[in-house]
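Listed here are the chains, written in short residue letters.
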Amino acid sequence: GDSVTQMEGPVTLSEEAFLTINCTYTATGYPSLFWYVQYPGEGLQLLLKATKADDKGSNKGFEATYRKETTSFHLEKGSVQVSDSAVYFCALGTGTASKLTFGTGTRLQVTL
Amino acid sequence: DAMVIQNPRYQVTQFGKPVTLSCSQTLNHNVMYWYQQKSSQAPKLLFHYYDKDFNNEADTPDNFQSRRPNTSFCFLDIRSPGLGDAAMYLCATSRAGGRGPTDTQYFGPGTRLTVL
């Protein structure tokens, strides 16, 4: 079945550091890939997405490229801020009902 | 703004006392989902409605039921809450069913359920 593997957290970075959160997937067919962010006590917000190989999703300085050859969708940001502290979920979506398979989530803590 | 709304944000119930959580959407999406999220875990899909068709996940306990009286509203009923049902419950919607790529799911803010 479909699955998503994310790097385990927590990840602790200083403000302005470079961020990478690794995400790899296993899927049949051609899934869409998503990164969602969850701030404390809130629901999930879409951060970015990519729907086919070599697509790059980007938003708020975050980027991720859909790599079919390595089945990966790593999240990157060049300079993190304290306000980026949250839990990040990688997910793949398939099927006519757009069901999502989530990774376990990676907690990011950014300090001054 | 179009959005997904969940009420209440916080719900306290007693062990075994039925509880209903509600979700509404102004996005006019045809698919609505209910997830359970326990602390420090990924959301777990309980079931979804594709239009009026109910789709239960294989491992969703019978204690959890859902109703969708119209396109805009969806309810999660927990018939006899146990202590293990304390969690955040997330509602999401999407405009699914086309031949294109998987559409985005849009999430509500969640309802945190406490079982005493």
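Residues numbered from 1 in each chain as written. Chains lettered and ligands numbered in written order. Predicted model: local features only at pLDDT ≥ 70, side-chain atom pairs only at ≥ 80, totals over all residues. Heavy atoms only, no water.

## Section: the sheet that holds strand β7 (residues 64–67) of chain B
All names here are of chain B. One open sheet accounts for 4 strands, arranged β1-β3-β8-β7; its pairing is antiparallel. In this open sheet, the two strands that pair with only one neighbour each are β1 (4–7) and β7. Between one strand and the next, the sheet's axes are offset by a mean angle of 20°, whatever the strand orientation. Taken together, the 4 bridges between β1 and strand β3 (residues 19–25) define a ladder with antiparallel strand orientation. Paired with Asn7 across the strands is Ser22, a residue of β3. (Pairing = 2+ DSSP bridges. Helix = DSSP H or I, 4+ residues; strand = E, 2+ residues; numbered from the N terminus. Axes fitted to C-alpha atoms, helices over the stretch in contact; angles between N-to-C directions.)

## Some remarks on the interface of chain A and chain B
Contact residues are listed per partner, giving 24 residues for chain A and 26 residues for chain B. The largest contributions to the chain A side of the interface with chain B come from A:Leu44, A:Ser98 and A:Lys99, which together make up 26% of the buried area. A salt bridge links B:Glu57 to A:Lys99; its shortest N-O distance comes to 2.8 Å. Across the chain A-chain B interface, the total number found is 6 residue pairs in polar contact (both at pLDDT 80 or more). Mapped onto the side of chain A that touches chain B, the elements with two or more residues apiece are β5 (32–38), β6 (44–50), β10 (86–94) and β11 (99–102) of chain A. For the side of chain A that touches chain B, the element with the highest residue contribution is β5(A), accounting for 4 residues. (Contact = heavy atoms within 4.5 Å. Buried area = accessible area lost by both parts, 1.4 Å probe. Salt bridge = Lys/Arg side-chain N within 4 Å of Asp/Glu carboxyl O. Polar contact = N/O pair within 3.5 Å; in protein donor to acceptor, adjacent residues only side chain to side chain.)

## Looking at the packing of aromatic side chains
All names here are of chain B. Under the definition given, this model contains 14 aromatic pairs over all chains. With a centroid separation of 5.4 Å and 40° between ring planes, the pair formed by Tyr35 and Phe107 is classed as tilted. In this pair, Tyr35 is assigned in strand β4 (residues 31–37) and Phe107 in strand β10 (residues 106–107), connecting sequence segments 72 residues apart. Taking relative accessible area as the criterion, Tyr35 reaches 0% and is therefore assigned buried. (Phe/Tyr/Trp six-rings, centres within 6.5 Å; stacked < 30°, edge-to-face > 60°. Buried < 20%, exposed > 50% of the residue type's maximum accessible area, 1.4 Å probe, protein only.)

## Section: the nonpolar core
In terms of nonpolar packing, the biggest core is built from 25 residues, with A:Leu19, A:Trp35, A:Leu48, A:Phe73, A:Leu75 and A:Tyr88 touching the most fellow members. Among the elements of the structure, β2 (11–14), β3 (19–21), β4 (23–26), β5, β6, β8 (62–65), β10 and β12 (106–111) of chain A are those that each provide at least two residues to this core. Contact partners of A:Leu75, with chain neighbours within four places excluded, come to A:Leu19, A:Thr20, A:Ile21, A:Trp35, A:Leu47, A:Leu48, A:Phe62, A:Glu63, A:Ala64 and A:Tyr88. Ranked by size, the runner-up nonpolar core spans 18 residues in total, among them B:Leu21, B:Trp34, B:Leu46 and B:Ile78. (Core = buried A, V, L, I, M, F, W, Y, C linked by side-chain atoms within 4.5 Å.)

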